[in-house]
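# Breakdown of the fold
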Amino acid sequence: MSNTPDDRKYADSHEWALLEADGNVRVGISDHAQELLGDLVFVELPEAGQSVGKGDECSVVESVKAASDIYSPVTGEIIAINDALEDSPEAINESAYEDGWIFIVKPTDTSELDELLDADGYQNLIEDE
Amino acid sequence: MVFACRPFFVLRNEMIRKTILNDAHRKLGARMVDFGGWDMPVNYGSQIDEHHVVRNSVGMFDVSHMTVIDIHGPQAKLFLQYLLANDVAKLTRQGKALYSCMLNESAGIIDDLIVYFLDDENYRLVVNASTREKDLAWIEEQAKSFDVSVSERSQLAMIAVQGPKARQKVCSILPERLGLSAAEIKPFSACWFGEWFVGRTGYTGEDGFEIMLPEDKAEGFWNQLLQVGVKPCGLGARDTLRLEAGMSLYGQDMDENQNPLESGLAWTVAWQPNDREFIGRAALDAIKRQGLNSKFVGLLLEEKGVLRGHQPVVLDDGSVGEITSGGYSPTMARSIALARVPASIGETCKIDMRGKLKEATVVKPCFVRQGEIQIDV
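Note that this is a predicted model, so its numbers are computed, not measured. (Residues numbered from 1 in each chain as written. Chains lettered and ligands numbered in written order. Predicted model: local features only at pLDDT ≥ 70, side-chain atom pairs only at ≥ 80, totals over all residues.)

A separate point is unusual backbone geometry. Residue and element names in this part refer to chain B. Of note, the amide linkage connecting Gln-272 to Pro-273 takes the cis form, showing an omega dihedral of -5°. We note that His-310 has phi near 80°; this positive angle belongs to a residue other than glycine. Relative to the helices and strands, His-310 resides in the loop between strand S15 (294-301) and strand S16 (312-314). (Helix = DSSP H or I, 4+ residues; strand = E, 2+ residues; numbered from the N terminus.)

Shown next, in the form of structure tokens:
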């Protein structure tokens, strides 16, 4: 079964957003999302330095089953991407919340995080699906 | 995250059907999906691991959703010679199997199937699950003019055991007499004992068996296979295995809007003898005379990404074709596809992948067989 850590927020489009100590937001997809997708085989990463708005498509993950757009949960600038996913997209399957992170945004307004779901809210969402 | 491409399974609202092995799949932790109205395992963990186990060792699939139809009667052979585009007269040895299309009058493909020759008055057809109702209706309608009976054998389960170690594992646990016969049969042949029927056929490009058996024996046999180390595999791996093997999937690579000549299936049409009338022959003859303007090819993506069904294939001359089945090839660690394209296609083309044009090489539509990559990568 999928797990949902309560140290971060969730978008209803299945991304997670973790506010780090330095004020940046790390982004990935939920364990539930990776389970739905099945084995990941390719990740199209955004570019560092790229500006993104909340809800912008900025990455694509492709699994054996389907391609899915990843939306930025916050507005800001992408300051880091997880290059390791280029060779090991399966890291998202194996560790959706840690090694499988996708990019980091330097947010313009961290209060956007308040509009996202907390762990309980997200858990309810996926149970209703 | 939003699914930008439709997953290969299709959700439907109608009453979902279950095979006799449904509980067995759930006990093994299978992820179940609605697969054309059947509640089937898509994987038991990792689709890619299941794919590799079939290429390298042995895996098994529950394919009990497929439809088994027995044709019996003094005119069974005559009937099938009329019903099918391939010619059952080629089947002279008992147990021999033949792959064929079943066409409508305009040569559109109603279904693709395997026919087994049991004896002059008995043949067995295995048709797709998704086409069950229309196939049965069509076959029964056509059978009215012949002295034959058409019986669906819905009480049979079917398990496909595939991979280089499949025969050894299966023969070791089959009822003794059947095990001895099964060890002897040639590819694309079958043997049987009572209600048990073993065909050396499959849909993976590997050696193996497809075993039909009474439903009440299915779970016991499945568990015996597990005990001798055969790994359960879902329909996800079945799809990537057949794609690598270049085998067509009905409803995706062809349907009633296409004829066999434009679906890479010309080899399955028996033109000789000239005087054999089969359904669709007149239309097919006319199409052949006019010449084909499309071609069925394999594609190998030269860039990163995954080819998917319905993506446009853009040729150098600007004409456009379409991917019919695409996906990730675990054996080649590359993306591959089957596509119907204008006959003018050269050695390369571009694929419109979500608005970006990516480079692909045109290859023979057969990527992997017997564990070996068949094309230059």
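Having seen the model, we can carry on.
Turning our attention to the pairing of strand S9 (residues 103-107) of chain A. All names here are of chain A. Most of S9 is tucked away, with four of its five residues classed as buried. Direction of pairing for strand S3 (residues 25-29) relative to S9: antiparallel, over a ladder of three bridges. From the neighbouring strand, Val-27 faces S9, where its bridge partner is Phe-103. Direction of pairing for strand S8 (residues 76-81) relative to S9: antiparallel, over a ladder of five bridges. When the sheet's bridge partners are listed, Ile-81 is paired in S9 with Phe-103. (Buried ≥ 20, exposed ≤ 12 C-beta atoms within 10 Å, placed from the backbone. Pairing = 2+ DSSP bridges.)

So, about the nonpolar core. Grouped together as the largest cluster of nonpolar side chains are 73 residues, with contacts concentrated most on Ile71(B), Leu80(B), Val115(B), Tyr123(B), Ile159(B) and Val161(B). Every residue in contact with Leu80(B), bar those within four places of it in the chain, is listed here: Ile71(B), Val88(B), Val115(B) and Tyr123(B). In this structure, Ile81(A), Ala91(A), Leu299(B) and Ile345(B) belong to the second largest nonpolar core, which totals 60 residues. (Core = buried A, V, L, I, M, F, W, Y, C linked by C-beta atoms within 7 Å. Contact = placed C-beta atoms within 7 Å.)

This part covers the packing of helix H2 (residues 47-56) of chain B against helix H8 (residues 235-244) of chain B. Residue and element names in this part refer to chain B. Put simply, H2 and H8 touch, their axes get as near as 8 Å, and they point 55° apart. Judged on the interaxial angle alone, H8 and H2 are oblique. As for how H2 packs across H8, the hand of that crossing is right-handed. Of H8, the residues touching H2 (which contributes Gln-47, Glu-50, His-51 and Val-54) are Gly-236, Ala-237, Thr-240 and Leu-241. Here the contact of H2 with H8 is built from residues that sort into three nonpolar, four polar and one charged. (Axes fitted to C-alpha atoms, helices over the stretch in contact; angles between N-to-C directions. Parallel < 35°, antiparallel > 145°, perpendicular 65-115°, else oblique. Left-handed = near helix turned anticlockwise from the far one by under 90°. Nonpolar A, V, L, I, M, F, W, Y, C, P; charged D, E, K, R; others polar.)

A separate point is the sheet that holds strand S19 (residues 348-353) of chain B. All names here are of chain B. Strand order in the closed barrel formed by six strands is S15-S18-S17-S16-S19-S20, and the pairing between neighbours is antiparallel. Between one strand axis and the next, the sheet turns by 40° as a mean value, whatever way the strands run. Where S15 meets strand S20 (residues 356-363), four bridges bridge the pair, whose relative direction is antiparallel. Looking across to S20, one finds that Gly-298 is bridged to Val-363.

A few words on the domain arrangement of chain B. All names here are of chain B. For chain B, the assigned domains read domain 1 (8-289) and domain 2 (293-377). The straight-line distance from the C-alpha centre of domain 1 to that of domain 2 is 26 Å. Mapped by element, the contributors of at least two residues to the side of domain 1 that touches domain 2 are H2 and H8. Here the side of domain 1 that touches domain 2 takes five residues from H2, the largest share from any one element. Residue composition of the side of domain 1 that touches domain 2, grouped by class: five nonpolar, nine polar and five charged. (Domains from an automatic or database assignment.)

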